[in-house]
Amino acid sequence: MIEKIRKSNGELVDFDASRLNKWGSWADKRGIIWSEVVMEATKRVYEGCTTREMQQAMIDVCIDKQTKEHSDMAGRLLLGIIYKEAFGGFTKVPRLLAAVKSYQARGLWEEMDYTDAELEYLQGFIVHSKDENYGYAVLKQFRDKYGIRDIKTGKLYESPQFMFMGMAMKAFEKQPKHRRLEDVIKLYTYLSDLKINAPTPYLNGLRATKSGYASCCLIKSNDSAQSIGVAAKVAYDMTTKQAGIGMLLETRTVGDGIRNNTIEHMGKLPYYKLIRSCVEANKQKSRGGSANNFYTAMDPQIQDLLRLKHPTTVASKRINEMDYSFGTNDYFWECVQKDTDWFLFSYKDAPRLYDAFYKLSAAEFSMLVAIELNAGTKHVRVKARDVAKLFIQQRYATGRIYPFFATNANSHTPFTETLKMSNLCMEIVLPVYGFEDEQDLYSPSEKEKGEVALCFLASLVAGRITEEEYGDVAYYALAMVDSVIDLMEYPYPSMAHHVRKRRSVGIGLTNVAHYLAKNYVNYSSRAGKTKLHELAEMHSYHLHEASLRLAKERGVPEYMKYTKYPNGWVPPHTANTKINAKHDARLRYNWEDLSDRIRENGGIRNSVLEAYMPNESSSLATNTTNGLYPIRDFILTKKSATGNVLFIVPDYEELRYVYEIAWDIDTVDMIDCYAIVQKFTGQAISSDFYVDYAKKRTVSLTEAMQYMIYANSVGLKTMYYLNSRVGVGKSALQDAYCEGCGV
């Protein structure tokens, strides 16, 4: 037993075991034997340790037990540290007015246009006791990543409730004065009740002196050195703004002539290395630079491109620090099924074919290929099935080569423009145009001269929102994201110009695994797929209602004319219906009435509304299962750039026999679930898949190819990680951390 302990003010005093017992007794609200935690903690510290180290030792003991009861105790102990660090203790929490003035005086919060009287009014609605119910994972993520702190000393300045109130105040600072306080209170309530899952850029920046709120950035280059240079610059700059990068280099292939055939083109690999350098140069503590590069199945370099991530690829042709997306269309998968020829063309020789690749039906694209062949256009003949096999081999070997189903992306979308790519995490699908002149970045001009696409994200927490309040929560989540589009400081005038004229957002769902378990259904069952259909429809319908309401309040953006909304488009109009054979749901909402009202209004507030992101990081901030995904285990250590967080699935004791583990779900069932959600999704889904090699020693090429063909046939636009597990027994897998989207 230690004899001396050092207080927070540096004073060395006698160790008083009774004070430690009070901590343990206060922190234990689940009836565990807290004295055992106290005794074990005293064995882990050294003579003269600090009170903070003693509290941390108690937390560590609790976490090592890996039970819900001990996790809850760890959360209360951590809350004590948070309040001691930020305010000096639970009894010293300042009023909102004093806190705001202090934060602003120290440059921690932005100056906001609220009077003292308004801040005193908001004080009546802030509920600090909510912090006591959040649990360890929420508080750990807040302290390590989202709360404003001194990065050198580690000192934390705010509590979760002040964070949520600050976010609401900043989001609605420009609202009309007659309703502003009501809107702030509503948003604060939904955020603090953990019904809205805000993305990482909002949680650590919305109120603070940070203004990089876009989670996703899509960049395209044209077929020129100047255009590629501009794209690389944008990738560098947007990485500093915390965005994950999607990159499409629409350029010629290796061996092509340039400058009147006086120079031989080196192909894409040197430019991919350039992009890698641009995004890796800006690593940050809580987020890092990442990029996902897009190419199509027609690229003559396809053999090298598909092997870029494989560890056995020769060093000169291996660029495994980034991810890659393999663009396909309906005609490609038709050729794979029939085992017929496939033709590779350079963008230089067949630019029209590349433009048609994304939108045309299989029959139409086949005719266009025949025209190019008859015209004698330079090409390489291969077997479509050989290309598909190589793709599948590389995807299963690395897990990080993602298919982009271009025909589906362009047929089921509100956009009338061609969609050629996605983002880092494969859930964002937006129009994008390459720049030829860097000066065009700094002057608003027509989008055809260059447009970088940004998307702003958030999620609603499935199962915490009643059907009666869903519309209101959807409205305030969307209003927050729409406000952020105007709050963000953009690095280029052209970016601000186009982003604000489009107002593209992606509002997804998180906690779906818990939602299904609470309803005693699972991913593999028909009943579970029916429940998922009902949830996805409700989500999309209320988002459209909310965007229509915002359009009447804030206006219809100029680029709405480049969408189908002025004609009354709604998701059921173009949804793939083949998946309807896998569920029993019927449409529950009056979509045609909504369509008529959207048409009468000339559109809605946002060019697109839905996208389903991974939520790997921010799901911890709401103590939810992440995104649409099934759980991988009941107890996980989730890994992030700021440290590991113990996560125990919600309602573990009650629902442990109802939850369906990801490794037990057949790939076809996962495709079905994603395809059902895709019906009501204007953009796409970060759709993860799972292979347990302990149960299934191999996955045949034929089987894997059938999965791809089926996914394309039922309307999936993208796939994301292919997760694999080897071995038996308790899973030691760490959850993948999505640094790019950070939501």
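As a reminder, the structure under discussion sits directly above these lines.
The sections below set out a description of the structure shown in this document. Keep in mind it's a predicted model, so treat the numbers as computed, not measured.

This part takes up helix 9 (residues 177-192). The end-to-end C-alpha distance of helix 9, which contains 16 residues, comes to 23 Å, matching closely the 22 Å that a straight helix rising 1.5 Å per residue would cover. Of the surrounding secondary structure, the elements contacted by the buried residues of helix 9 are helix 6 (116-123), helix 8 (160-171), strand 3 (196-197), helix 19 (470-487) and helix 22 (526-554). Following helix 9 by one or two positions, Leu-194 adopts a phi angle in the positive range, close to 60 degrees.

What follows is about the packing of aromatic side chains. Overall, the coordinates contain 37 aromatic pairs when judged by the stated rule. Relative to Tyr-213, the ring of Tyr-202 lies with its centre 6.2 Å away and its plane at 90 degrees, an arrangement referred to as edge-to-face. On the criterion of sequence distance, the pair formed by Tyr-202 in helix 10 (residues 200-205) and Tyr-213 in the loop between helix 10 and strand 4 (216-221) is long-range, its members being 11 residues apart. A single burial state applies to Tyr-202 and to Tyr-213, both of which are buried. Taken together, the ring pairs in this structure connect Phe-326, Tyr-331, Phe-332, Trp-333, Trp-342, Phe-357, Tyr-358, Phe-365, Phe-391 and Phe-405 into an aromatic cluster.

A few words on the pairing of strand 9 (residues 323-328). Regular strands place side chains that alternate from one sheet face to the opposite one. A large share of strand 9 lies buried, amounting to six of its six residues. Alternating residues of strand 9 divide into Asp-323, Ser-325 and Gly-327 and Tyr-324, Phe-326 and Thr-328, and every residue in both groups is buried. Two strands pair when backbone bridges link them, and strand 8 (residues 291-296) and strand 9 are joined in this way by five bridges, in the parallel orientation. Directly across from Phe-294, in strand 9, lies its bridge partner Ser-325. Pairing of strand 9 with strand 12 (residues 401-405), which is carried by five bridges, proceeds in the parallel orientation. The residue bridging Gly-327 from the neighbouring strand is Phe-404, located in strand 12.

Moving on, we get to the nonpolar core. Within the largest apolar cluster, 263 residues are counted, with the highest numbers of intra-cluster contacts made by Trp-342, Leu-454, Phe-456 and Met-480. Considering each element in turn, this core owes the most residues, 13 residues, to helix 19.

The buried count for helix 7 (residues 136-146) comes to 11 of 11 residues, which makes it a mostly enclosed element. Every buried residue belonging to helix 7 is among Tyr-136, Ala-137, Val-138, Leu-139, Lys-140, Gln-141, Phe-142, Arg-143, Asp-144, Lys-145 and Tyr-146, and all of these are buried.

We now examine the environment of Val-382. The topology assignment puts Val-382 in strand 11 (residues 380-383). Distance from Val-382 to Tyr-523, taken between C-alpha atoms, is 38 Å for residues 141 residues apart in sequence.

What follows covers the packing of helix 19 against helix 22. With their axes 8 Å apart at the nearest point, helix 19 and helix 22 run at an angle of 55 degrees to one another. Here helix 19 lies oblique to helix 22, going by the angle between them. Classified by chirality, the crossing of helix 22 by helix 19 is right-handed. Between helix 19, through Tyr-470, Gly-471, Asp-472, Ala-474, Tyr-475, Leu-478, Ala-479, Asp-482 and Ser-483, and helix 22, the contact on the second element is made entirely by Met-538, His-539, His-542, Leu-543, Ala-546, Ser-547, Arg-549, Leu-550, Glu-553 and Arg-554.

Here we take up the pattern of salt bridges. Per the counting criterion, the structure on display carries 64 salt bridges. In this structure, the salt-bridge partner of Arg-252 is Asp-223, at a minimum N-O distance of 2.9 Å. Of this pair, Arg-252 sits in the loop between strand 5 (244-249) and strand 6 (257-258) while Asp-223 sits in the loop between strand 4 and helix 11 (225-240); the two residues are 29 residues apart in sequence, bridging distant segments of the chain. Residues Arg-252 and Asp-223 agree in their burial class; the two are buried. Two residues, Asp-584 and Arg-526, come together in a salt bridge whose shortest N-O distance is 2.8 Å.

Moving on, we come to the pairing of strand 13 (residues 453-461). Most of strand 13 sits inside the fold, with nine of its nine residues counted as buried. Neither face of strand 13 is exposed, since Ala-453, Cys-455, Leu-457, Ser-459 and Val-461 on one face and Leu-454, Phe-456, Ala-458 and Leu-460 on the opposite face are all buried. Here two bridges tie strand 3 to strand 13, and the two strands are oriented antiparallel to one another. Across the sheet, Asn-197 pairs through a bridge with Ser-459, a residue of strand 13. Sheet topology places strand 4 next to strand 13; three bridges connect them, and they run antiparallel. Bridging across to strand 13, Cys-216 finds its partner in Cys-455.

What counts and what doesn't
- Numbers given to residues run from 1 along each chain, matching the order in which its sequence is written.
- In view of the model being predicted, local features appear only for residues whose pLDDT reaches at least 70, and side-chain atom pairs are presented and counted only at 80 or more, with totals across whole chains, interfaces and linings using the full set of residues.
- Side-chain metrics in this entry use all non-hydrogen atoms of the structure; hydrogen atoms and water are not considered.
- In DSSP terms, a helix is any run of H or I states spanning at least four residues, a strand is any run of E spanning at least two, and both are numbered starting from the N terminus.
- Any helix carries an expected span of 1.5 Å times its number of residues minus one.
- Contact definition: two residues touch when any of their heavy atoms are within 4.5 Å.
- Note on aromatic pairs: the rings of Phe, Tyr and Trp (six-membered ring only in Trp) are paired at centre separations within 6.5 Å, and the planes decide the class, stacked below 30 degrees, edge-to-face beyond 60, tilted for the rest.
- Throughout this description, buried means an accessible area under 20% of the type-specific maximum (1.4 Å probe, protein chains only), exposed means over 50%, and partly exposed covers the range between.
- By the convention used here, strands pair only if DSSP detects at least 2 bridges between them.
- What makes a nonpolar core is a set of buried Ala, Val, Leu, Ile, Met, Phe, Trp, Tyr and Cys residues whose side-chain atoms join them at distances within 4.5 Å.
- Axis lines are fitted through C-alpha atoms, for helices just across the contact stretch, and the angle between N-to-C directions can take any value from 0 to 180 degrees.
- Convention used here: angles under 35 degrees read as roughly parallel, angles over 145 as roughly antiparallel, angles from 65 to 115 as roughly perpendicular, and any remaining angle as oblique.
- Handedness of each helix crossing follows the sense of rotation of the near helix against the far helix: counterclockwise by less than a right angle gives left-handed, clockwise gives right-handed.
- Between Lys or Arg on one side and Asp or Glu on the other, a salt bridge is scored when a side-chain nitrogen of the former is within 4 Å of a carboxyl oxygen of the latter.

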